[in-house]
Amino acid sequence: MGATSEQGQDGGHAIVTGGGTGIGLAIARALAAKGHAITVMGRTRAALEAAAAQLSGGGFVVCDVTDDASVAAALAEAEAARGPVRVLVNNAGAVTTAPFEKVGLDAWSAALDINLLGAVRMIGAALPSLKAQPWARVINIASTAGLKPYAYVSPYVASKHALVGLTRDLALELAKTGVTVNAVCPGYTRTGIIETAIETIAARTGRDAEAAEAVFTGANPQGRLVEPEEVAAAVCWLASAEASAVTGTALSVSGGETG
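Only a predicted model underlies this, so the values are computations on that prediction, with no experimental measurement involved.

### A short note on the overall build of the protein
A count of helical and extended segments in the protein gives nine helices and seven strands. Structurally, the protein occupies a C-alpha span of about 60 × 35 × 35 Å along its principal axes. Buried positions account for 49% of the 259 residues belonging to the protein. If you take every contact in the protein between residues at least 6 apart in sequence, the share linking residues at least 24 apart comes to 69%. Put simply, the protein shows about 11,500 Å² of open surface, and 56% of that area lies on carbon and sulfur atoms. Each charge sign in the protein was given a centre, from 18 positive and 23 negative side chains, and these centres are 3 Å apart.

### Digging into the sheet that holds strand S5 (residues 136–141)
The sheet built from seven strands is open, its strands ordered S3-S2-S1-S4-S5-S6-S7 with parallel pairing. Two strands lie at the open edges of the sheet, namely strand S3 (59–62) and strand S7 (250–253), each paired on one side alone. Strand-to-strand, the axes of this sheet are offset by a mean angle of 20°, without reference to chain direction. Alignment of strand S2 (residues 36–42) against S3, held across four bridges, turns out to be parallel. Directly across from threonine 39, in S3, lies its bridge partner glycine 59. Against the sheet, helix H6 (residues 154–173) touches S5, strand S6 (179–186) and S7, its axis set at about 155° to S6. Seen against the sheet, helix H9 (residues 228–239) touches strand S4 (85–90), S5, S6 and S7 and runs at an angle of roughly 165° to S6.

### Overview of the pairing of S6
Across the eight residues that make up S6, a large majority, eight, are buried. Taking every second residue as pointing to the same face, both faces of S6 are buried, with Val179, Val181, Ala183 and Cys185 on one and Thr180, Asn182, Val184 and Pro186 on the other. Considered for its hand, the β-α-β crossover made up of S5, H6 and S6 is right-handed.

### Focus: the packing of helix H4 (residues 105–115) against H6
At a closest axis distance of 9 Å, the pairing of H4 and H6 adopts a crossing angle of 30°. Pair H4 / H6 crosses with right-handed handedness. Touching Ala107, Trp108, Ala111, Leu112 and Asn115 of H4 are Ser154, Pro155, Tyr156, Ala158, Ser159, Lys160 and Leu163, all from H6. Looking at the contact of H4 with H6, its residues break down into eight nonpolar, three polar and one charged.

### Concerning the packing of helix H7 (residues 192–205) against helix H8 (residues 209–217)
For the pair H7 and H8, the least separation of the axes is 8 Å and the interaxial angle reads 125°. On the basis of the axis angle, H7 is oblique to H8. Once H7 is placed against H8, the crossing between them reads as right-handed. Across the interface between the two elements, Ile194, Ala197, Ile198, Ile201 and Ala202 of H7 pack against Ala209, Ala212, Glu213, Val215 and Phe216 of H8. In terms of residue class, the contact of H7 with H8 is built from nine nonpolar, no polar and one charged.

### A word on the environment of phenylalanine 100
Looking at the element boundaries, phenylalanine 100 is found in the loop between S4 and H4. On the basis of relative accessible area, phenylalanine 100 is assigned to the exposed category, the value being 55%. Sequence spacing of phenylalanine 100 and alanine 136 is 36 residues, and the spatial spacing of their C-alpha atoms is 39 Å.

### Observations concerning the pattern of salt bridges
Tallied over the full model, the rule gives six salt bridges. Here arginine 121 and aspartate 113 are joined by a salt bridge, their closest N and O atoms 2.7 Å apart. The partly exposed category is assigned to aspartate 113, whose relative accessible area is 22%. The salt bridge partner of arginine 190 is glutamate 227, with a shortest N-O separation of 3.1 Å. Here glutamate 227 lies in the loop between H8 and H9 and arginine 190 lies in the loop between S6 and H7, a separation of 37 residues in the sequence. Among the residues examined, glutamate 227 registers a relative accessible area of 27% and is labelled partly exposed. Each of Asp68, Asp113 and Arg121 takes part in salt bridges that share partners, so that together they form one network.

### What to know about helix H1 (residues 22–33)
In this model H1 runs 17 Å from its N-terminal to its C-terminal C-alpha over 12 residues, within 8% of the 16 Å that 1.5 Å per residue would give. Glycine 35 occupies a position one or two residues after H1 and carries a positive phi of about 100°.

### Observations regarding the environment of aspartate 208
Mapped onto the elements of the fold, aspartate 208 is located in the loop between H7 and H8. Residues aspartate 208 and isoleucine 198, 10 residues apart in the sequence, show an inter-C-alpha distance of 9.5 Å. At 2.7 Å, the side chain of aspartate 208 and the backbone nitrogen of alanine 211 are in polar contact.

Cut-off values and rules
- Residues numbered from 1 in each chain as written.
- Predicted model: local features only at pLDDT ≥ 70, side-chain atom pairs only at ≥ 80, totals over all residues.
- Heavy atoms only, no water.
- Helix = DSSP H or I, 4+ residues; strand = E, 2+ residues; numbered from the N terminus.
- Buried < 20%, exposed > 50% of the residue type's maximum accessible area, 1.4 Å probe, protein only.
- Contact = heavy atoms within 4.5 Å.
- Areas by Shrake-Rupley, 256 points an atom, 1.4 Å probe, with all protein chains shown as cover.
- Lys, Arg positive; Asp, Glu negative; His and termini not counted.
- Charge placed at Lys NZ, Arg CZ, Asp CG, Glu CD.
- Pairing = 2+ DSSP bridges.
- Axes fitted to C-alpha atoms, helices over the stretch in contact; angles between N-to-C directions.
- Right-handed = clockwise from strand over helix to strand, strands pointing away.
- Left-handed = near helix turned anticlockwise from the far one by under 90°.
- Nonpolar A, V, L, I, M, F, W, Y, C, P; charged D, E, K, R; others polar.
- Parallel < 35°, antiparallel > 145°, perpendicular 65-115°, else oblique.
- Salt bridge = Lys/Arg side-chain N within 4 Å of Asp/Glu carboxyl O.
- Expected span 1.5 Å × (residues − 1).
- Polar contact = N/O pair within 3.5 Å; in protein donor to acceptor, adjacent residues only side chain to side chain.

In structure tokens:
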């Protein structure tokens, strides 16, 4: 679909899964600042309530992206409250750490179910609304683990590589519609999960906080953690009308760790 007069406008209903904390919350805040009506989704009501309270006009819906019925009901509730979704940000995800030999099939299934199939379910449910609009966006929050390997997180790496593959394939299928599909691939980002990991490393090894943080910053050529707001800024650009020619891209936000 070519450019239309409506492609000069931002706004519309944006849904962010895993939007209660961390990167998801930063994305929700940034999109709200751009004029989007926001629905944050996740499994923990308390976190979602706190997140929605920070968003002008924002709301929340409890949703488990690993459950078909939950996804369908959550989308219906969100669209009834804020209109058809224009921007879908698939941020829900999880990671566990273990050597490959100690990872059972249940852990593989769990990783694929949330990191890949969670996005599949959300996209499948939202696609009729997205395609019905003059322009719309699907943005999958993958990871540098979708572009390169990391040891001891094989289910996460495999699922995020698959998410990037899904992004590229769906972008091709939808290229003649107004829907673009892109991925954002953050490196190690300053979230509660990483900060807790740093504290754990420091406690277990006796290192100071700076040395413990270096376990993560060492992978970044800039020698730092990515800030959630930097990931959110990339999402906002991809979500904008001006990014209509960008689709099928895996945008690395990693300080040069990956191209």
